[in-house]
2 protein chains.
Amino acid sequence: MTSSSITLADVASQAGVSKMTVSKVINKKPGISETTRQRVMQAVDELGYTVHASARALAGGRTHTLGVVVSSLDSQYFSELMRGADMTARDAGLELLISTTRASHEHRNIGRLAHGLVDGLLMVFPASLAPYERSLRALSLPVVVIAPGTQASAEQQHFPSVDADHYSGARQAMQHLLSLGHRRIAFIGGPPHLTPSRERLRGYREGLLTASIAPDAALQVTSDFSQRSGFQAARELLALAERPTAIFALNDVSAFGAIEAIKDAGLRVPEDISVIGFDNIPQASQVFPALTTIEQPLLEMGAAGTRQLLNLIQGVGAVTDRLIVPTELIIRASTGPLLSVDRRM
Amino acid sequence: MTSSSITLADVASQAGVSKMTVSKVINKKPGISETTRQRVMQAVDELGYTVHASARALAGGRTHTLGVVVSSLDSQYFSELMRGADMTARDAGLELLISTTRASHEHRNIGRLAHGLVDGLLMVFPASLAPYERSLRALSLPVVVIAPGTQASAEQQHFPSVDADHYSGARQAMQHLLSLGHRRIAFIGGPPHLTPSRERLRGYREGLLTASIAPDAALQVTSDFSQRSGFQAARELLALAERPTAIFALNDVSAFGAIEAIKDAGLRVPEDISVIGFDNIPQASQVFPALTTIEQPLLEMGAAGTRQLLNLIQGVGAVTDRLIVPTELIIRASTGPLLSVDRRM
DNA sequence: ACGTGTAAGGTTAGCGGTAACTCAAAAGTA
DNA sequence: TACTTTTGAGTTACCGCTAACCTTACACGT
């Protein structure tokens, strides 16, 4: 037979103890003498025993697996987030089951997940929770939401969540540009129905206010997070009679588009126009000029969300309803001091 | 109680049949009359029953789950590949469990996966299979490798694999450039220990040969797949006394770097230099000028790999040892006909 | 009328663990 | 010494499902 069919009973007889004793050793339960423990561990090693996940789940009522539900795998952010989640889960002895939800049968899927596959669910970047709401409640399955795209509406009970501090991050970005002397600062925003867009916009506006700068509607343009739309947004800004000296793009990718547009127009970054992004995706440090940006602590968010979920499952430890993790200003080469006006034609 | 504790027995009593009958209906086993089947299905719907995955796995010996082992989630290619795998797996009624292997305890992990969690393994983009080889064999677990980075060495028994036709893809790229009249064609290559790099290089060389063009070592430069290194590689090429009229970059990302370098040098794409990439990543169509490239059929590769694995698990259907899926030339705006020499400076 | 084949459904016995309890021996107590 | 407590380990009874076998009823040919 294959080595995969080694069972508790095999280890037990090898070690000369009962199955239950082996089980207790494996699960680090108390009530086992050190001598026995070592004998059992030796048998485990000799036989190469690993616990059978399904059997354990069936008998124990816990699957030792966390489900991750994500709408799309190609998000730039997902990978880093998962690193954090993975580390935390592994440390706690749990597996991570990543599931992509597609089309409209999400709730059906969730049901299947819940029933004997996972102990809890991490919802990552859900555009909306509405489709899941009902089945999630019905299953009474622990759920933590990471980076909810939309704000939970008032009437809707929301789940514990973890998110970056979009507002303060935007304030940091503005603070940076203002301290460089910029006053004519444009904002490339995003879809207004998404909370991150709105919060970053709020940070932009309030940043201007603290410097007593009146917001200029012409300096607020909209993108859809893509490089192409960042490119077009920047083009509009460059066509302005009085063009901005700095651009705050609400994400790195649209900042790339903006830089491209600026170069295309024969201008230089940051000498003519400073550009700051948001997210600090890996490419941000690779492009030329390297992008100054606001880092979302994705790894930490993944880890924190997972910790919350573990607490929820074990019913011990505090669970924060809404955990906001701080962002960080990463200064690179795409921002620079405002040069005197006459220097710039 | 929660609705998740609905079991076969509940459905059985609701429908007035035995557990086994319900099980047969659920699993579409023969020997059930249409009348009974409908009665059972109705009870299933009314109660909202879903099978308990662990119980089924324990009793049936099959987990109905496929494991996906991937070294990193941030690959541009992974998402599309997974779409293909996911669709195929779901159609067959299986879940996909995505697991990232980190650090050195891969084989330990694989053991845990195998033992009651998955029926088979899809290894995606493994740089090398060596670390897994032993545990995989020991577990006698069905395995299919998607896009092996390195060629399985002769002495090493290899697993069934699926890969894109890197060689023919490179030939397609060359054919395209040659048909546009280019003869001085440069190649931005990759790390020579990786099979895709080598195969694409081979396609480049043989493409030149078919046009009776003698390879010029100065036109073959190396990158590490990154945009930055593509940028630098292109810079070297531009500094040549007799610079190329077309560049074939072995992946899209380094092609982006090349285009950046060309623009930086004040030249235009494709008027001065044509650029073709490889992979057809989503951004390829978003950049300016849109990138002509060779598409790797990732979705199809994911689906094909999964189909192979399913065949392996069920022990029926043919399993091809080494399945090579064809690539496709995607013509966009970054390549153009060779303009007469005097037109260019 | 009789076996015999077949379709529809039921019965039994686990899969490999764990929770909850029981029990025996060692250790503490007066 | 006799009694209680503690500690270490074993027993029992499932968890929810399915493989494999078994039963029944009816159709069929001869």
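Asker: Tell me about the protein's contact with DNA strand C, and name the residues and values.
Answerer: Close to DNA strand C lie 25 residues, the nearest being A:Leu8, A:Ser23, A:Lys29, B:Thr21 and B:Thr36. Close to the protein, within 4 Å, the atoms of DNA strand C belong to sugar or phosphate groups at a rate of 58%. At 2.8 Å from a phosphate oxygen of DNA strand C is found a side-chain nitrogen or oxygen belonging to B:Ser18. When contributions to the surface near DNA strand C are tallied by element, the ones reaching two or more residues are α2 (19–26) and α4 (53–60) of chain A together with α2 (19–26) and α4 (53–60) of chain B. It is α4(A) that provides the largest number of residues to the surface near DNA strand C, a total of five residues. Of the residues assigned to the surface near DNA strand C, the class counts are eleven nonpolar, ten polar and four charged.

Asker: Summarise the interface of chain B and chain A; cite the residues concerned and give the values.
Answerer: Contact residues are listed per partner, giving 46 residues for chain B and 45 residues for chain A. When chain B packs against chain A, the two sides together hide about 4,400 Å² of surface, and 49% of this comes from carbon and sulfur. Broken down residue by residue, the surface that chain B buries against chain A is led by B:Leu73, B:Glu95 and B:His115, which jointly contribute 15%. Taken together, the connections running from chain B to chain A amount to one salt bridge. A salt bridge links B:Glu260 to A:Lys263; the nearest nitrogen and oxygen atoms lie 3.9 Å apart. Across the chain B-chain A interface, the total number found is seven residue pairs in polar contact (both at pLDDT 80 or more). If you list the elements that add at least two residues to the side of chain B that touches chain A, you get α4, α5 (78–91), β2 (95–100), α6 (106–114), α7 (130–139) and α11 (252–264) of chain B.

Asker: Describe in detail the relation of the copies chain B and chain A, supporting the description with residues and values.
Answerer: Here chain B sits on chain A after a turn of 180° about the axis and a move of 0.1 Å along it, with an RMSD of 0.1 Å. Between the two chains, the operation in question is that of a two-fold axis. Residue B:Ser54 of chain B places its C-alpha closer to the rotation axis than any other residue of that unit, at 2.2 Å.

Asker: Pulling in residues and values, what's your account of the packing of helix α1 (residues 8–15) of chain B against helix α3 (residues 34–47) of chain B?
Answerer: Residue and element names in this part refer to chain B. Running from amino to carboxyl end, α1 crosses α3 at an angle of 125°, the nearest separation of the two axes being 9 Å. The pairing of α1 with α3 is recorded here as oblique in orientation. Like other packed secondary-structure pairs, α1 and α3 cross with a definite hand, here right-handed. Contacts from Asp-10, Val-11, Gln-14 and Ala-15 in α1 reach Arg-39, Val-40, Ala-43, Val-44, Glu-46 and Leu-47 in α3. Along the lines of polarity and charge, the residues of the contact of α1 with α3 split into six nonpolar, one polar and three charged.

Asker: If you had to explain the domain arrangement of chain A to someone new, which residues and values would you point to?
Answerer: For chain A, the assigned domains read domain 1 (3–51), domain 2 (65–164 + 298–323) and domain 3 (166–296). Inter-centroid distance (C-alpha atoms) of domain 1 of chain A to domain 3 of chain A is 60 Å.

Asker: Any details on the sheet that holds strand β7 (residues 220–222) of chain A? Residues and values, ideally.
Answerer: Backbone-to-backbone hydrogen bonds pair the strands of a sheet. The strands run either parallel or antiparallel. Residue and element names in this part refer to chain A. Strands sit in the order β7-β6-β8-β9 across an open sheet of four strands; the sheet is parallel. If you trace the sheet from one side to the other, it starts and ends with β7 and β9 (274–276), each paired once. The mean inter-strand angle of the sheet, taken between neighbouring strand axes irrespective of direction, is 20°. As defined by bridge partners, strand β6 (residues 185–189) adjoins strand β8 (residues 246–249) across four bridges and the pair is classed as parallel.

Basis of the calculations
Residues numbered from 1 in each chain as written. Chains lettered and ligands numbered in written order. Predicted model: local features only at pLDDT ≥ 70, side-chain atom pairs only at ≥ 80, totals over all residues. Heavy atoms only, no water. Near = heavy atom within 4 Å. Polar contact = N/O pair within 3.5 Å; in protein donor to acceptor, adjacent residues only side chain to side chain. Helix = DSSP H or I, 4+ residues; strand = E, 2+ residues; numbered from the N terminus. Nonpolar A, V, L, I, M, F, W, Y, C, P; charged D, E, K, R; others polar. Contact = heavy atoms within 4.5 Å. Buried area = accessible area lost by both parts, 1.4 Å probe. Salt bridge = Lys/Arg side-chain N within 4 Å of Asp/Glu carboxyl O. Least-squares fit on C-alpha atoms with pLDDT ≥ 70 in both. Axes fitted to C-alpha atoms, helices over the stretch in contact; angles between N-to-C directions. Parallel < 35°, antiparallel > 145°, perpendicular 65-115°, else oblique. Left-handed = near helix turned anticlockwise from the far one by under 90°. Domains from an automatic or database assignment. Pairing = 2+ DSSP bridges.

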